[in-house]
Protein chains: 2
Amino acid sequence: MKPTLRAVAETVGVSRSTVSNAYGRPDQLSAELRQRILDTARQMGYPGPNPTARSLRRGFVGAIGVLFTSRLSYAFTDPFAVQFLTGVAEAAEHHGSSLLLVPLPGDLVGARKAVENAAVDGFCVYCAGDEGEIVDTIRARGLPFVTTSARPGAQDLWVGIDERAAARSAAEHLTGLGHRRVALLSDDVLPDTSPGLVRVSDVADVPHPTTRERLAGFADAFAAVGVTWPELTILAAADNTRAAGAEAVRALAALPEPPTAVLACSDVLALGALDTLRGAGQSSSVTGFDDIAEAASAGLTTVLQPGVDKGRRSAELLFDPPSDTEAHQILLPTTLVVRTSTGPAPRS
Amino acid sequence: MKPTLRAVAETVGVSRSTVSNAYGRPDQLSAELRQRILDTARQMGYPGPNPTARSLRRGFVGAIGVLFTSRLSYAFTDPFAVQFLTGVAEAAEHHGSSLLLVPLPGDLVGARKAVENAAVDGFCVYCAGDEGEIVDTIRARGLPFVTTSARPGAQDLWVGIDERAAARSAAEHLTGLGHRRVALLSDDVLPDTSPGLVRVSDVADVPHPTTRERLAGFADAFAAVGVTWPELTILAAADNTRAAGAEAVRALAALPEPPTAVLACSDVLALGALDTLRGAGQSSSVTGFDDIAEAASAGLTTVLQPGVDKGRRSAELLFDPPSDTEAHQILLPTTLVVRTSTGPAPRS
DNA sequence: TTGAAAGCGATACCAA
DNA sequence: TTGGTATCGCTTTCAA
């Protein structure tokens, strides 16, 4: 068993406070005594103040949590999530804080538990589907948090983009190219759907806020050229991975009139779509969302959102909450990046 | 202020233990009483047992730490590090544990402090240059750890590859193709070196264990065909990024007789080298190390090491330490993957 | 400059 | 099934 601060105090023959000060407040005791304490401590194998005990007493932890809806290992599968994490890490590093990655199990009870058990000073909520429940749990703990999905009540800290407008910009690019018969590809479309073609009677039925907003943005652009929601093909992917994107798009082959373009809600899905379509020799247009590094090399037309910034500013908002309520909401810019994966719709 | 367990106990009119049991050991009290406690707690706004206090009392945290030598944000810059993290995350998730990413400041004192303050049950040490100091600090805390760099004493938990043999395999591929005048590219070659050409009188002088072993492996292969260490050009990169690789290789242009091949200690550096060389219209051979996803699309010849496995098995070793001392060391296989970035040396 | 005492918030043993 | 009590390891006024 490792010795405790108390043991050190007894061995040196001073009080616990003094030993504590030797570590945390060097100016509170003579350099000589301090050195004697530190030496004895080392000699006894005392590992220094126990972080957990210190946190309990001090009332803060020195770590912020990052919440992921999906399995934690997926977080690293999506390069955009990695960008976000990079930004959060930068800010955390800057503030001498650690990063606790908290995986949220699929079930609500488990998710709530995970949030309740995390020893952190605050949370960055990355893309939580059931945001409401999660956020309520965080609030119940009285901890600050920053969210990135569709703008909730104006009093919460939020860093994000105009999802709907961004999606619309990609879709307008396609309508401009003459595309009218298209498929929208996303994960998290409806709960418990099998991958492939799905019927969604109304965009508003999509529970995941980000997915909903992006689909709605796509639809806006098509509505503007007379293509209504029911005319859009919806493709559900099993999860947000390249493989799932590739798989979902296979369902298009069964259609009598396959769409001339696929609009994906993420680059990884779009890349998967390209894998399948190009593999089958089809030249359908494909757009993505995020602009991850691979998008460039694959020539994917996509919506760029500043991922690292998003992470960094989220964390900064957590560390230095603005006094001004206005500044609670940070809207980041997006840009449509046109590459070679999109082209004119074939004459019909 | 949020109410505490104690307040709940007083309000309900039961003892603290009973309230505690209501949360942690449902079988220790009647369903009815439990429900009454939980209801009152919710009503009072009690957020559930404080994780820090619980950790202190229980003596364990439910999180493992991952240590990176370099800046934490760099961890996400290198796809191989991301692979490793993915593996660790998988195992952690499986054990219901969280992942604490601990940024290590550049200075030793700061780094030691970071390790001392991390509230975790153990550490995965990823590629720590000053491994010795860091590992000593962890040991002083009495926490278990797993390391991945060059095999230390046989009593430590270790998951890794035969760095030297793996590097040698890449170099032998090049000697087989007739290359004799080559450059070795790495970050962390010597402390405080400016990027570009460096003189290293002896491989043994390289302090970073992984770098040293890989360079030594490269040298082995060339020694076997009569090319000695001083004849090898050493290129230092500012850090392990594509940009730094591209930059370092520019120094070759100044050489009277530029090398016919570049052997990099990582894929990101190799990709950077390709950027510069191909950009200058040169067809020099380039090899990498790791086999990240981009290596395939870039046609990079490289040494594949199982990154996700490395992470997963590291974490597993931490969670279920083998009783058998033999099993403390896990050696993972590597494979040379030959693609298009290497070819015969030009006739001189 | 040093020490005494009071918690921080919860858990777990053991007795009732 | 429930409660009393000691304790986890440290920090922090406040007084000496």
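So, how was this worked out
- Residues numbered from 1 in each chain as written.
- Chains lettered and ligands numbered in written order.
- Predicted model: local features only at pLDDT ≥ 70, side-chain atom pairs only at ≥ 80, totals over all residues.
- Heavy atoms only, no water.
- Near = heavy atom within 4 Å.
- Polar contact = N/O pair within 3.5 Å; in protein donor to acceptor, adjacent residues only side chain to side chain.
- Helix = DSSP H or I, 4+ residues; strand = E, 2+ residues; numbered from the N terminus.
- Nonpolar A, V, L, I, M, F, W, Y, C, P; charged D, E, K, R; others polar.
- Axes fitted to C-alpha atoms, helices over the stretch in contact; angles between N-to-C directions.
- Parallel < 35°, antiparallel > 145°, perpendicular 65-115°, else oblique.
- Contact = heavy atoms within 4.5 Å.
- Phe/Tyr/Trp six-rings, centres within 6.5 Å; stacked < 30°, edge-to-face > 60°.
- Buried < 20%, exposed > 50% of the residue type's maximum accessible area, 1.4 Å probe, protein only.
- Lys NZ or Arg CZ within 6 Å of the ring centre and 35° of its normal.
- Left-handed = near helix turned anticlockwise from the far one by under 90°.
- Least-squares fit on C-alpha atoms with pLDDT ≥ 70 in both.
- Pairing = 2+ DSSP bridges.
- Core = buried A, V, L, I, M, F, W, Y, C linked by side-chain atoms within 4.5 Å.
- Expected span 1.5 Å × (residues − 1).
- Arc of directions from axis to C-beta.
- Buried area = accessible area lost by both parts, 1.4 Å probe.
- Salt bridge = Lys/Arg side-chain N within 4 Å of Asp/Glu carboxyl O.

The name given to chain A in an unreviewed UniProt entry is LacI family DNA-binding transcriptional regulator, with Micromonospora zingiberis as the source organism.

What follows concerns the protein's contact with DNA strand C. Taken together, 25 residues form the shell around DNA strand C, and within it Thr18(A), Leu5(B), Ser20(B), Tyr46(B) and Arg57(B) come nearest. In this structure, a base nitrogen belonging to DNA strand C sits 3.1 Å away from a side-chain N or O atom of Ser17(A). Contacts to DNA strand C include Arg25(B), whose side-chain N or O atom sits 3.4 Å from a phosphate oxygen. Looking at which element gives the most residues to the surface near DNA strand C, the answer is helix α4 (residues 51–58) of chain B, with 4 residues. A per-class count over the surface near DNA strand C returns 9 nonpolar, 11 polar and 5 charged.

Residues and elements named next belong to chain B. Contact pair helix α2 (residues 16–24) / helix α3 (residues 31–44): the axes reach a minimum separation of 10 Å and the direction vectors enclose 95°. With respect to each other, α2 and α3 are oriented roughly perpendicular. When α2 is examined against α3, the residues Thr18, Val19, Ala22 and Tyr23 are found in contact with a partner set consisting of Leu33, Arg34, Ile37, Leu38 and Ala41.

All names here are of chain A. Tallied over the entire structure, the rule returns 7 aromatic pairs over all chains. Taking the centre distance of 5.6 Å and the plane angle of 70° together, the rings of Tyr23 and Tyr46 count as edge-to-face. Residue Tyr23 is located in helix α2 (residues 16–24), and its partner Tyr46 is located in the loop between α3 (31–44) and α4 (51–58); the two are separated by 23 residues in the primary sequence. Residue classification places Tyr23 among the partly exposed residues on the basis of a relative accessible area of 26%. Look at Tyr46 and you get buried, because its relative accessible area is 9%. Site record: aromatic cluster; members linked through ring pairs are Phe68, Phe84 and Tyr126. Taking NZ or CZ as reference, Arg214 lies 3.7 Å from the ring centre of Phe289, over its face.

Another point: the packing of helix α9 (residues 163–176) of chain B against helix α10 (residues 209–223) of chain B. All names here are of chain B. Two elements in contact, α9 and α10, have axes separated by 7 Å at closest approach and are oriented at 35°. Crossing geometry of α9 relative to α10 is assigned as right-handed. Taking contact as the criterion, the partners of Glu163, Arg164, Ala167, Arg168, Ala170, Ala171, Glu172, Leu174 and Thr175 in α9 are, on α10, Thr210, Glu213, Arg214, Ala216, Gly217, Phe218, Asp220, Ala221 and Phe222. Grouping the amino acids of the contact of α9 with α10 by side-chain chemistry returns 8 nonpolar, 3 polar and 7 charged.

With an RMSD of 0.2 Å, chain B superimposes on chain A once it is rotated by 179° and translated 0.2 Å along the axis. Look at the turn and shift together and you get a two-fold axis relating the two. Among all residues of chain B, the one whose C-alpha sits closest to the rotation axis is Leu100(B), at a distance of 2.2 Å. By residue overlap, the copies meet face to face through one surface: 97% of the interface positions of chain B are interface positions in chain A.

Residues and elements named next belong to chain A. Across the sheet, which stays open at both edges, the 7 strands sit in the order β7-β8-β6-β9-β10-β11-β13 with mixed pairing between neighbours. Looking at strand neighbours, the two that pair on one side only are β7 (196–198) and β13 (335–337), the edges of this open sheet. Averaged over all neighbouring strand pairs, the angle between strand axes comes to 25°, with direction disregarded. Bridge count for strand β10 (residues 285–290) against strand β11 (residues 301–304) is 4 bridges, and the pairing is parallel. Bridge pairing in β11 links Asp290 to Leu304.

What follows concerns the sheet that holds strand β12 (residues 329–332) of chain A. The 12 strands lie next to each other as β12(A)-β5(A)-β4(A)-β3(A)-β1(A)-β2(A)-β2(B)-β1(B)-β3(B)-β4(B)-β5(B)-β12(B), forming an open sheet whose pairing is mixed. Either end of the sheet is taken by a strand with one partner, and the two such strands are β12 of chain A together with β12 (329–332) of chain B. Between one strand axis and the next, the sheet turns through 20° on average, direction left out of account. Sheet topology note: the strand β3 (residues 123–126) of chain A/strand β4 (residues 145–147) of chain A ladder contains 3 bridges and is parallel. When the sheet's bridge partners are listed, Cys124(A) is paired in β4(A) with Val146(A).

A few words on the nonpolar core. Ranked by size, the top nonpolar core spans 153 residues in total, and within it Leu185(A) and Leu185(B) carry the most contacts. Each residue touching Leu185(B), except ones within four places of it in the same chain, is listed here: Leu235(B), Ala237(B), Gly245(B), Ala248(B), Val249(B), Val262(B), Leu263(B), Ala264(B), Cys265(B), Leu269(B) and Ala273(B). Ala114(A), Ala118(A), Ala111(B) and Ile134(B) belong to the second-largest nonpolar core, a separate cluster that totals 34 residues.

Bringing the protein's contact with DNA strand D into the picture now. Around DNA strand D, a shell composed of 25 residues is seen, among which Leu5(A), Ser20(A), Tyr46(A), Arg57(A) and Arg57(B) lie nearest. Counting only the atoms of DNA strand D within 4 Å of the protein, the fraction contributed by sugar and phosphate is 62%. Arg16(A) is positioned such that a nitrogen or oxygen atom in its side chain is 3.1 Å from a base nitrogen of DNA strand D. At 3.3 Å from a phosphate oxygen of DNA strand D is found a main-chain nitrogen or oxygen belonging to Ser15(B). Elements represented by at least two residues in the surface near DNA strand D include exactly α2 and α4 of chain A together with α2 and α4 of chain B. By residue number, the principal contributor to the surface near DNA strand D is α4(A), which donates 4 residues. Residues belonging to the surface near DNA strand D are distributed by class as follows: 8 nonpolar, 10 polar and 7 charged.

What follows covers α3(A). All names here are of chain A. Look at α3: 20 Å from first C-alpha to last across 14 residues, which is about the 20 Å you get at 1.5 Å a residue. Within α3, the full set of buried residues consists of Leu33, Ile37, Leu38, Thr40 and Ala41. All buried residues of α3 project into a common sector of 165° when viewed along the axis, lining one side. Projecting away from the buried face of α3 at angles above 90 degrees are the exposed residues Ala31, Glu32, Arg42 and Gln43.

The next point concerns the interface of chain B and chain A. Contacts between chain B and chain A engage 36 residues on the former and 36 residues on the latter. When the two sides are added together, the surface that chain B and chain A hide from each other amounts to roughly 3000 Å², 65% of it contributed by carbon and sulfur. The largest contributions to the chain B side of the interface with chain A come from Thr52(B), Phe76(B) and Glu93(B), which together make up 18% of the buried area. Our enumeration of links across chain B and chain A arrives at 0 salt bridges. The tally of links from chain B across to chain A stands at 6 residue pairs in polar contact (both at pLDDT 80 or more). Looking at the side of chain B that touches chain A, the elements that each hand over two or more residues are α4, α5 (72–77), α6 (79–94), β2 (98–103), α7 (108–117) and α8 (131–141) of chain B. Across the side of chain B that touches chain A, the residue classes break down as 20 nonpolar, 8 polar and 8 charged. Judged from the 3 bridges that link them, strand β2 (residues 98–103) of chain A and β2(B) form a sheet pairing that is antiparallel. Bridge assignment links Leu100(A) to a residue of β2(B), and that residue is Leu100(B).

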